[in-house]
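Listed here are the chains, written in short residue letters.
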Amino acid sequence: MIYLLMNGQVSVFILILIAIIISLTFHEWGHARAAKYFGDNTAEQMGRLTLNPAAHIDPLGLLMVAVVGFGFAKPVPTNPRNFRVHWADFYVAAAGPLMNLVLAIFFANLYTLGLKMGWEFFYGEGQQIFFSYLVIINIVLMLFNLIPLGPLDGHYIFPYFLPKDMAYRYRILNAQYGSLLLMGLVVLSIVGVPIFRFIMSIGQSIMPYLVF
């Protein structure tokens, strides 16, 4: 994203940054809300059951997004011992990506409806840029967080689709090497290997199917 500032596209940079903040905020709120639903109020007690971006945005993570195109928000704290059902960690982990999918569908259809209805608010280059990026960012966040490596949501979800013994071995291996492998992918992407560009292309191919 930093190239936008270097090219003088300050307004576009700001619009994309706002879209990222909205997407990350709802993602983390989804985790907190699901944890509360399944019996754990740890996130609520720490002020994370809110849609206030200040509670969820990590300044360093947001700076990384602006500079290298990859970053993070503050992870939502949970205490699994408070969960009332066995699969609660699965649902809590899935709630973040699911929230991004819901947002992508909602804003894609809202923008399309606004154009069809002739609502003036939705007309203009700035609006097109903002809503387009808001949709694609949420799709990419969903797909990226489903990668079963390191601390990403996918590492909680993936074991539930494996036989019990394989799931156990996967959790051990991911605890040992998952974060290292994830950082390796990030570094390769930064130096030019189109690893995450593949995720972006998938997201763009999904976009037309979100509009009802």
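Conventions we followed
Residues numbered from 1 in each chain as written. Predicted model: local features only at pLDDT ≥ 70, side-chain atom pairs only at ≥ 80, totals over all residues. Heavy atoms only, no water. Helix = DSSP H or I, 4+ residues; strand = E, 2+ residues; numbered from the N terminus. Rg over C-alpha atoms; globule rule 2.2 N^0.38 Å. Buried < 20%, exposed > 50% of the residue type's maximum accessible area, 1.4 Å probe, protein only. Areas by Shrake-Rupley, 256 points an atom, 1.4 Å probe, with all protein chains shown as cover. Lys, Arg positive; Asp, Glu negative; His and termini not counted. Charge placed at Lys NZ, Arg CZ, Asp CG, Glu CD. Core = buried A, V, L, I, M, F, W, Y, C linked by side-chain atoms within 4.5 Å. Contact = heavy atoms within 4.5 Å. Phe/Tyr/Trp six-rings, centres within 6.5 Å; stacked < 30°, edge-to-face > 60°. Lys NZ or Arg CZ within 6 Å of the ring centre and 35° of its normal. Axes fitted to C-alpha atoms, helices over the stretch in contact; angles between N-to-C directions. Parallel < 35°, antiparallel > 145°, perpendicular 65-115°, else oblique. Left-handed = near helix turned anticlockwise from the far one by under 90°. Nonpolar A, V, L, I, M, F, W, Y, C, P; charged D, E, K, R; others polar. Salt bridge = Lys/Arg side-chain N within 4 Å of Asp/Glu carboxyl O. Polar contact = N/O pair within 3.5 Å; in protein donor to acceptor, adjacent residues only side chain to side chain. Expected span 1.5 Å × (residues − 1). Bend = angle between axes of the 7 residues up to and from the residue.

Caption draft 1: Broad picture of the overall build of the protein. Each helix and strand in the protein was counted, giving nine helices and zero strands. Mapped from its N terminus to its C terminus, the protein presents α and β elements in the order α-α-α-α-α-α-α-α-α. Its C-alpha radius of gyration of 18 Å places the protein within 12% of the 17 Å reference for a compact globule of 212 residues. If one aligns the C-alpha atoms of the protein with their principal axes, the spans along those axes are about 55 × 40 × 30 Å. The buried share among the 212 residues of the protein stands at 41%. Summing over all exposed atoms, the protein offers an accessible surface of approximately 12100 Å²; the carbon and sulfur share of this is 69%. Computed over 11 positive and 9 negative side-chain charges, the separation of the two mean positions in the protein equals 8 Å.

Caption draft 2: View of the nonpolar core. Counting 30 residues, the largest nonpolar core has M1, I16, I20, V135 and I137 as the members making the most contacts within it. Element by element, the count of residues in this core is highest for helix α6 (residues 125-145), at nine residues. Sequence-distant contacts of M1, that is, excluding residues within four places in its chain, are made with F13, I16, L17, I20, V65 and A66. Core analysis: the second largest hydrophobic core is formed by nine residues, I147, L149, L182 and V186 among them.

Caption draft 3: Region of the structure containing the side chain of S23. Along the chain, the position of S23 falls in helix α2 (residues 10-37). Those residues in contact with S23 that lie beyond four places of it in its chain are N100, L134, I137, N138 and L141.

Caption draft 4: The packing of aromatic side chains, seen in detail. Applying the stated criterion across every chain, the model contains 17 aromatic pairs. Ring plane angle 40° and centroid distance 6.4 Å describe the contact between W87 and Y91, whose orientation is recorded as tilted. Ring pairs connect the aromatic residues F106, F107, Y111, W119, F121, F122, F130 and F131, which therefore count as one cluster. Taking NZ or CZ as reference, R171 lies 6.0 Å from the ring centre of Y160, over its face.

Caption draft 5: Main features of the packing of helix α5 (residues 88-116) against α6. At a minimum axis separation of 8 Å, α5 and α6 run at an interaxial angle of 155°. Looking at the two axes, α5 sits roughly antiparallel to α6. The way α5 lies across α6 gives a crossing that is left-handed. Residue-level contacts link P97, N100, L101, L103, A104, F107, A108 and Y111 of α5 to Q127, Q128, F131, L134, V135, N138, I139, L141, M142 and N145 of α6. Partitioned by chemical class, the residues of the contact of α5 with α6 number 13 nonpolar, five polar and no charged.

Caption draft 6: Representation of the pattern of salt bridges within the structure. Per the counting criterion, the structure on display carries two salt bridges. The shortest N-O distance in the salt bridge between E44 and K36 comes to 2.8 Å. Its relative accessible area of 33% is what places K36 among the partly exposed residues. In this structure, the salt-bridge partner of D165 is R169, at a minimum N-O distance of 3.9 Å. Pair noted here: D165 and R169 are both in helix α8 (residues 164-190), with a separation of four residues, about one helical turn.

Caption draft 7: Just the environment of K36, in detail. Examined against the element boundaries, K36 turns out to sit in helix α2. Spatially, the C-alpha atoms of K36 and T78 are 9.3 Å apart, while their sequence positions differ by 42 residues. Within polar-contact distance, the side chain of K36 engages the side chain of E44 at 2.8 Å.

Caption draft 8: Inspection of α2 at higher detail. Taking 1.5 Å per residue, 28 residues should reach 40 Å; α2 reaches 40 Å between its end C-alpha atoms and fits that length. Count one or two residues on from α2 and you reach G39, which has phi positive near 110°.

Caption draft 9: Layout of α8. A rise of 1.5 Å per residue sets the reference length of α8, with its 27 residues, at 39 Å; its end C-alpha atoms lie 36 Å apart and thus fit the reference within 8%. At Y177, α8 shows its maximal bend, which comes to roughly 55°. Within α8 the residues assigned to the buried category are A167, Y170, N174, G178, L182 and V186. Elements in contact with the buried residues of α8: α6, α7 (154-157) and α9 (195-206). Downstream of α8 by one or two residues, G192 has phi in the positive range, about 120°.

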